[in-house]
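So you can see what is in the structure, the chains are spelled out below.
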Amino acid sequence: MMPAVAEERRAPRIVGVEFPFGHAFGMPGDKSMQRRILEPALRVLAGATAFGTRVDIDIEWPVPLREAYKAWQPKEPSPIVRKFLETRG
Amino acid sequence: MIVDSYRFLPRSFRPIYEGRGPFPGEESPVWAPFAKRLGASRIALLTSAGLYLKSSQPPFDVAREQDNPEWGDPSWRSIPAGADPADIAVAHLHINDQDIRADPEIVLPARLLEQLASEGVVGSATSEHLSVMGYQDRSLEGWRQETLPKLIKWLGHQQADGVILAPA
């Protein structure tokens, strides 16, 4: 979900998806989509020949951005986010 | 197509993640060649979604995190590949877990991996998989000192040739 961060943190093999947090393998109940993530991930695991290999998967999240952006977030802000928001005033 | 890593992240949080570089001491590349054929390899999964089994495992300690927002539970759970989805719960304060509870395969696709094993895409899947809670103390001290060595040992016992790490 954040392949650029994985690159910065020096992950040796990376598969990127442009999905909301909590959905690494896709939509609930969509086995076909889940397979379109897991299978390439396995191919990268076994087939990458050099450190830093990154493969981004071209699947558009099938929910409008505004809706998906809200949907992944917890109903209550996490403790660190609450602290961050309080500090910011 | 290049994935936008920040598409779903609130804009004000972006500087927390972007341009931070590697953790101190982890600047050098780490590389382990994968020598075996995928179709002859045993594969494990690791999710950071904070999954646990309601019937037999304690949840990750979110109460302590509520009291100390800088802290995250560094413990881990093993999730049997054939676990009843209704028995899988989530303890993670940073995501909405509704979709995960509806279909845990979106973070830990154990049944799909079993299917890929039956088709010969992979040799086999481990009988259990790993779950951690991805929000951790910034120093990663508990994670490095206690959790990681145990996970590596566990993966050895499971005779895993490779592991897919799935962030939540």
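Residues numbered from 1 in each chain as written. Chains lettered and ligands numbered in written order. Predicted model: local features only at pLDDT ≥ 70, side-chain atom pairs only at ≥ 80, totals over all residues.

Draft legend 1. Quick peek at the overall build of chain A. When helices and strands are counted, chain A shows four helices and two strands. What you see in chain A, going N to C, is helices and strands ordered as α-β-α-β-α-α. Here the C-alpha radius of gyration of chain A, 16 Å, is well above what a compact globule of 89 residues would show, namely 12 Å. Taken over the C-alpha atoms alone, chain A extends approximately 50 × 30 × 15 Å along its principal axes. (Helix = DSSP H or I, 4+ residues; strand = E, 2+ residues; numbered from the N terminus. Rg over C-alpha atoms; globule rule 2.2 N^0.38 Å.)

Draft legend 2. Layout of the nonpolar core. Counting residues in hydrophobic clusters, the biggest one holds 51 residues, and the most contacted among them are Ala24(A), Leu42(A), Ile43(B), Leu51(B), Val107(B) and Leu113(B). Those elements that place two or more of their residues in this core are strand S1 (13-16) and helix H2 (31-47) of chain A together with strand S1 (42-47), strand S2 (51-53), strand S4 (88-90), helix H4 (110-118), strand S6 (128-132) and strand S7 (162-166) of chain B. The dominant element in this core, judged by the number of residues it contributes, is H2(A), at six residues. (Core = buried A, V, L, I, M, F, W, Y, C linked by C-beta atoms within 7 Å. Buried ≥ 20, exposed ≤ 12 C-beta atoms within 10 Å, placed from the backbone.)

Draft legend 3. Structural detail: the interface of chain A and chain B. Contacts between chain A and chain B engage 44 residues on the former and 48 residues on the latter. When residues of the side of chain A that touches chain B are traced back to their parent elements, those giving at least two are helix H1 (3-8), H2, helix H3 (65-71) and helix H4 (79-88) of chain A. If you tally residues by element for the side of chain A that touches chain B, the top one is H2(A), at nine residues. Taken together, the residues of the side of chain A that touches chain B break down into 25 nonpolar, eight polar and 11 charged. (Contact = placed C-beta atoms within 7 Å. Nonpolar A, V, L, I, M, F, W, Y, C, P; charged D, E, K, R; others polar.)

Draft legend 4. Region of interest: helix H5 (residues 141-157) of chain B. Residue and element names in this part refer to chain B. The end-to-end C-alpha distance of H5, which contains 17 residues, comes to 24 Å, matching closely the 24 Å that a straight helix rising 1.5 Å per residue would cover. Its axis deflected by about 40° at threonine 147, H5 carries its strongest bend there, up to four residues before the proline proline 149. Just downstream of H5, glutamine 159 is the residue with a positive phi angle, here 55°. (Expected span 1.5 Å × (residues − 1). Bend = angle between axes of the 7 residues up to and from the residue.)

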